[in-house]
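Coordinate analysis (summary)
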Amino acid sequence: MPDFPHVRCERVRFRDCDALGHVNNAVYSTYLEEARMDVLGGLREFILARVEIDFRAELRAGEEIEVGTRVGRLGTKSFELEHEIRADGRVAAEAKSVLVAYDYGRAESVPLSESLRARLSEAR
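In this report, the structure presented in the accompanying data block is examined. What you see is a predicted model; the values in this text were computed from it and never measured.

1. Quick notes on the pairing of strand β3 (residues 64-74)
Direction of pairing for strand β1 (residues 6-11) relative to β3: antiparallel, over a ladder of 6 bridges. What sits directly across from E10, in β3, is I65. Note that β3 and strand β4 (residues 78-87) share 8 bridges and pair antiparallel. Of the residues in β4, the one forming a bridge with L74 is F79. In sequence, β3 turns back onto β4 through a hairpin of 3 residues.

Rendered as C-alpha cells:
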C-alpha cells in the first residue's frame, strides 16, 4: 500500500462475521479504530467526531487484511485520517475519520497542540 505510510495487518476472525458469512459493517469501525490507535500511539488528547465508510467488497473469515492509514487534512482544532482496507489486492472499503483536539478537564475542543501536529506530520 504505497500511498499509505502506516499499514496494519490482521486476519478476519470468525466472530467478525454475521449470519450471511461476511464481515459485519460495524466491525469495519473496529478495524479503523485499531489502525488509528497504532498511528496515534499513546496520544489521548482528541475525540472521534465522525467516521464515514464506503464499502466496496465483502470480507470473509480467515482473509488477511491490510488497513492503510494516512493523515489528510490538518485544521486548527481537528484533523482527518484517510483509510483503505484491502484484502487479496482488492479494496474492501475506503474511509475517513475526523478527530478533534479535546481538553477533557474543561470539556471543550482546543487547538491542536504542537506535539500532536508534529506526530501527525510524520504520518502524512
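Alright, that's what it looks like, and here's the rest.
2. Considering the packing of aromatic side chains
Taken as a whole, this structure holds 4 aromatic pairs when the rule is applied. With centroids separated by 4.9 Å and ring planes inclined at 75 degrees, the aromatic side chains of Y102 and Y104 adopt a geometry described as edge-to-face. By relative accessible area, Y104 is classed as exposed at 52%.

The rules we used
Residues numbered from 1 in each chain as written. Predicted model: local features only at pLDDT ≥ 70, side-chain atom pairs only at ≥ 80, totals over all residues. Heavy atoms only, no water. Pairing = 2+ DSSP bridges. Helix = DSSP H or I, 4+ residues; strand = E, 2+ residues; numbered from the N terminus. Phe/Tyr/Trp six-rings, centres within 6.5 Å; stacked < 30°, edge-to-face > 60°. Buried < 20%, exposed > 50% of the residue type's maximum accessible area, 1.4 Å probe, protein only.

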